[in-house]
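Coordinate inspection notes
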Protein chains: 2
Amino acid sequence: MKNPIAQLNKLFESRIRLGIMSVLMVNEAVSFNDLKQLLDVTDGNLASHLVTLEENGFIKVWKGFVGRKTNTTYSVTRAGEKAFKQHLEALEQMISGLR
Amino acid sequence: MKNPIAQLNKLFESRIRLGIMSVLMVNEAVSFNDLKQLLDVTDGNLASHLVTLEENGFIKVWKGFVGRKTNTTYSVTRAGEKAFKQHLEALEQMISGLR
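Residues numbered from 1 in each chain as written. Chains lettered and ligands numbered in written order. Predicted model: local features only at pLDDT ≥ 70, side-chain atom pairs only at ≥ 80, totals over all residues. Heavy atoms only, no water.

An unreviewed UniProt entry annotates chain A as Transcriptional regulator originating from Compostibacter hankyongensis.

Here it is in structure tokens:
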């Protein structure tokens with residue numbers, strides 16, 4: 001039996017990071033508040049995962065304003081898209097190995 | 001857009017727990033050492049995840065002897081099988097939502 005988790009990317013282990021990447025893969029850019037609402041997570045929890053994904057070059061951050069309010073939005077980078085697709089393929093292989 | 005991670009089970013978040021459950025789903029019973037070798041993890045890391053899965057009723061532990069050496073083996077419980085299958089289905093839905 002092959003190691004079923006060898007190809008999984010530790011950086012995408014957390015459910016919340018899976019959620020962030022899944023949302024950003026199918027949206028051009030998503031605001032912090034929309035991510036927080038959609039994934040049903042706390043500010044602090046979401047912020048810490050976003051920082052890790054950004055530090056690893058998987059997402060980009062845009063800081064702008066809507067009126068006088070700051071509006072931070074996130075989008076996936078090409079490297080992020082590639083790495084996440086590889087992770088999803090490894091997950092699918094792990095799952096199909098159980099059938 | 002629906003929350004893509006709402007149905008994911010936090011207890012199966014860690015890669016190592018995914019690996020343990022995947023191996024036990026397709027094997028009657030597996031020893032600690034075989035799990036350790038197959039998943040390429042340290043004793044301490046593997047042991048802590050096994051304890052969590054056992055405490056949640058997802059795996060069973062058998063402590064026996066081979067000659068004079070202790071031999072601990074693990075197998076998945078019916079509850080574990082059910083919960084893990086639900087988790088895998090949620091992962092598959094998350095992935096297919098990206099296609």
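That covers the picture; the talk isn't over yet.
Points about the interface of chain A and chain B
How big an interface is tends to be expressed through the accessible area that disappears when the partners come together. Contacts between the two partners involve 31 residues from chain A and, on the opposite side, 31 residues from chain B. Here chain A and chain B share an interface that buries about 2700 Å² over both sides, 72% of which is from carbon and sulfur atoms. Contact with chain B buries surface across chain A, with I5, R15 and L98 of chain A losing the most and accounting together for 25% of the total. Across the chain A-chain B interface, the total number found is 2 salt bridges. With a shortest N-O distance of 3.5 Å, R15 of chain A and E13 of chain B are connected by a salt bridge. Between the two partners, chain A and chain B, sit 5 residue pairs in polar contact (both at pLDDT 80 or more). Broken down by secondary-structure element, the contributors of at least two residues to the side of chain A that touches chain B are helix 1 (15-25), helix 2 (32-39) and helix 4 (78-96) of chain A. (Contact = heavy atoms within 4.5 Å. Buried area = accessible area lost by both parts, 1.4 Å probe. Salt bridge = Lys/Arg side-chain N within 4 Å of Asp/Glu carboxyl O. Polar contact = N/O pair within 3.5 Å; in protein donor to acceptor, adjacent residues only side chain to side chain. Helix = DSSP H or I, 4+ residues; strand = E, 2+ residues; numbered from the N terminus.)

Structural notes on the sheet that holds strand 2 (residues 59-66) of chain B
All names here are of chain B. Strand order in the open sheet made by the 3 strands is 1-3-2, with antiparallel pairing throughout. Looking at strand neighbours, the two that pair on one side only are strand 1 (30-31) and strand 2, the edges of this open sheet. Across 8 bridges, the pairing between strand 2 and strand 3 (residues 69-76) is antiparallel. The partner of W62 across the bridge, within strand 3, is T73. (Pairing = 2+ DSSP bridges.)

Overview of the relation of the copies chain A and chain B
Between chain A and chain B, the superposition needs a rotation of 180 degrees and an axial shift of 0.0 Å, giving an RMSD of 0.0 Å. With respect to symmetry, the two chain copies, as superposed, fit the operation of a two-fold axis. No C-alpha of chain A approaches the rotation axis more nearly than that of E13 of chain A, which lies at 3.1 Å. Take the interface residues of chain A: 100% of them recur as interface residues in chain B, which is what a same-surface contact looks like. (Least-squares fit on C-alpha atoms with pLDDT ≥ 70 in both.)

Structural notes on empty space enclosed by the protein
For the coordinates displayed, the defined rule picks out 1 cavity of 30 Å³ or more. Considered as a void within the structure, the largest cavity measures approximately 100 Å³ in volume. Along the walls of the largest cavity sit 14 residues, with F12, E13 and L18 of chain A together with E13 and L18 of chain B positioned nearest its centre. The set of elements that each furnish at least two residues to the lining of the largest cavity consists of helix 1 and helix 4 of chain A together with helix 1 (15-25) and helix 4 (78-96) of chain B. Broken down by class, the residue content of the lining of the largest cavity amounts to 8 nonpolar, 2 polar and 4 charged. (1 Å grid on protein atoms, 1.4 Å probe; cavity = no way out; pocket = protein on both sides within 12 Å on 5 of 7 lines; lining within 4 Å. Points joined across faces, edges and corners; volume = space filled by probe spheres on them. Nonpolar A, V, L, I, M, F, W, Y, C, P; charged D, E, K, R; others polar.)

Some points on helix 3 (residues 43-55) of chain B
Residue and element names in this part refer to chain B. For helix 3, built from 13 residues, the straight-helix expectation of 18 Å at 1.5 Å per residue is met to within 8% by its first-to-last C-alpha distance of 18 Å. Where helix 3 is concerned, the buried positions are L46, H49, L50, T52 and L53. In an axial view of helix 3, the angular spread of the buried residues amounts to 160 degrees, which keeps them on one side of the axis. Phi turns positive, to about 75 degrees, at G57, one or two residues after helix 3. (Expected span 1.5 Å × (residues − 1). Buried < 20%, exposed > 50% of the residue type's maximum accessible area, 1.4 Å probe, protein only. Arc of directions from axis to C-beta.)

So, the packing of helix 1 of chain B against helix 4 of chain B
All names here are of chain B. Two elements in contact, helix 1 and helix 4, have axes separated by 11 Å at closest approach and are oriented at 120 degrees. Compared by their axis directions, helix 1 and helix 4 come out oblique. By crossing handedness, the relation of helix 1 to helix 4 is classed as left-handed. Here helix 1 contributes L18, M21, S22 and M25 to the contact with helix 4, which in turn contributes G80, E81, F84, K85 and H87. Class assignment of the residues belonging to the contact of helix 1 with helix 4 gives a composition of 4 nonpolar, 3 polar and 2 charged. (Axes fitted to C-alpha atoms, helices over the stretch in contact; angles between N-to-C directions. Parallel < 35°, antiparallel > 145°, perpendicular 65-115°, else oblique. Left-handed = near helix turned anticlockwise from the far one by under 90°.)

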